[in-house]
Amino acid sequence: ALKSAYIRQRETEDPDFEYTESHDDPVLEKMMVRDLSDFSAIEGLLAFYLHRQMKRAGKPDDRNMLLIAEERLDQASSADAGAPTLAGIRTRLNLARVLIEKGDRTNFEPLLERIQEETFEFHAIPERFEYFRIRGDVAAMDGRFDEALRHLNSANALLVEFPFILPLVAERIHPLFE
């Protein structure tokens, strides 16, 4: 199905297109890896949200859901190795949330450093906003309130400098001021 959809798309772009295995198979393989990565990310997010819902409902903490979430998001995150993508950055942001929930600070810090570099490199403003928010949340959880305020002020500065992102992040702002 993927191959025929690819061929139809290419024929739409170029009526003289002819499929050649040596040229087009690597493209299809990358598309397949991307699609599997997207599916893994969705599975990871579902496991994470199920864990959070169970926790909110007062049901016993199912750490297995967090382990599944971490595994799937880690798989999805590694799909863009060597050539970071926005989808990969977003997946890593979600993985960071899982690691926070697990209390895994060993893997958390290197991941956030990578996210910081990638959001800067890509000029990914909404993702950078979320990076600062996560940094601020973790600092506040650890009782480092001055550092938390600094990170949240950095997030706020992005809103001032790039007001177009406000609709993209509006639903996440309220918790910043709690």
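One numbering rule holds for all chains: residues counted from 1, following each sequence as written. Per-residue local features are limited, in this predicted model, to residues with pLDDT of at least 70; the limit for side-chain atom pairs, both in listing and counting, is 80 or more; totals at the level of whole chains, interfaces and linings are taken over all residues. Hydrogen atoms and water are omitted, and side-chain values are computed over all heavy atoms in the structure.

(A) Focus on the overall build of the protein chain. For helices the rule is a DSSP run of H or I covering at least 4 residues; for strands it is a run of E covering at least 2, with both sets numbered from the N terminus onward. Along its length, the protein chain carries 8 helices and 0 strands. Shown N-terminal to C-terminal, the secondary structure of the protein chain runs as helices and strands in the order α-α-α-α-α-α-α-α. Across its three principal axes, the protein chain shows a C-alpha extent of roughly 60 × 45 × 25 Å. When a residue's accessible area, from a 1.4 Å probe over protein chains only, is under 20% of the maximum for its type it is buried; when over 50% it is exposed; and in between it is partly exposed. Relative to its full complement of 178 residues, the protein chain shows a buried share of 35%. Contacts are residue-level and defined by heavy atoms, with any inter-residue pair within 4.5 Å sufficient. Within the protein chain, contacts between residues at least 6 apart in sequence are counted, and of these 54% link residues at least 24 apart. On the protein chain, roughly 10900 Å² of surface is accessible, and the fraction owed to carbon and sulfur atoms is 57%. Charged-residue counts in this description rest on Lys and Arg as positive and Asp and Glu as negative, His and the chain ends being excluded. By convention, the point assigned to a charge is CZ for Arg, NZ for Lys, CD for Glu and CG for Asp. Across the protein chain, the mean location of the 23 positive side-chain charges is 6 Å away from that of the 34 negative side-chain charges. Note on areas: these come from Shrake-Rupley sampling with a 1.4 Å probe, and a residue is covered only by the protein chains present in the view.

(B) Representation of the pattern of salt bridges. By salt bridge we mean one thing: a side-chain nitrogen of Lys or Arg within 4 Å of a carboxyl oxygen of Asp or Glu. Summed over all chains, the structure comprises 15 salt bridges. With a shortest N-O distance of 3.5 Å, Glu-13 and Arg-10 are connected by a salt bridge. Of the two residues, Glu-13 and Arg-10 both sit in helix H1 (residues 2–13), 3 residues apart, roughly one turn of that helix. For Glu-13, a relative accessible area of 53% translates into the label exposed. The exposure class assigned to Arg-10 is partly exposed, which follows from its relative accessible area of 24%. Lys-102 is the partner of Glu-70 in a salt bridge, and the nearest nitrogen-oxygen pair spans 2.3 Å. Within this pair, whereas Glu-70 is found in helix H3 (residues 63–77), its partner Lys-102 is found in helix H4 (residues 86–102), the two being separated by 32 residues in sequence.

(C) Summary view of the packing of H1 against helix H2 (residues 21–56). To get an axis, a line is fitted to the C-alpha atoms, and for a helix only the part in contact is used. The angle between two axes follows their N-to-C directions and goes from 0 to 180 degrees. Packing of H1 against H2 leaves a shortest axis separation of 11 Å and a crossing angle of 120°. As H1 runs across H2, the sense of the crossing is right-handed. Listed contacts from H2 to Leu-2, Lys-3, Tyr-6 and Arg-10 of H1 are Asp-24, Val-27, Leu-28, Met-31, Met-32 and Asp-35. Residue classes in the contact of H1 with H2 are distributed as 6 nonpolar, no polar and 4 charged. What makes a crossing left-handed is the near helix being turned counterclockwise from the far one by less than a right angle; a clockwise turn instead makes it right-handed. Any residue outside Ala, Val, Leu, Ile, Met, Phe, Trp, Tyr, Cys, Pro, Asp, Glu, Lys and Arg is labelled polar, Gly included; the first ten of those are nonpolar and the last four are charged.

Honestly, that's just the spatial picture; any functional story needs more than this.
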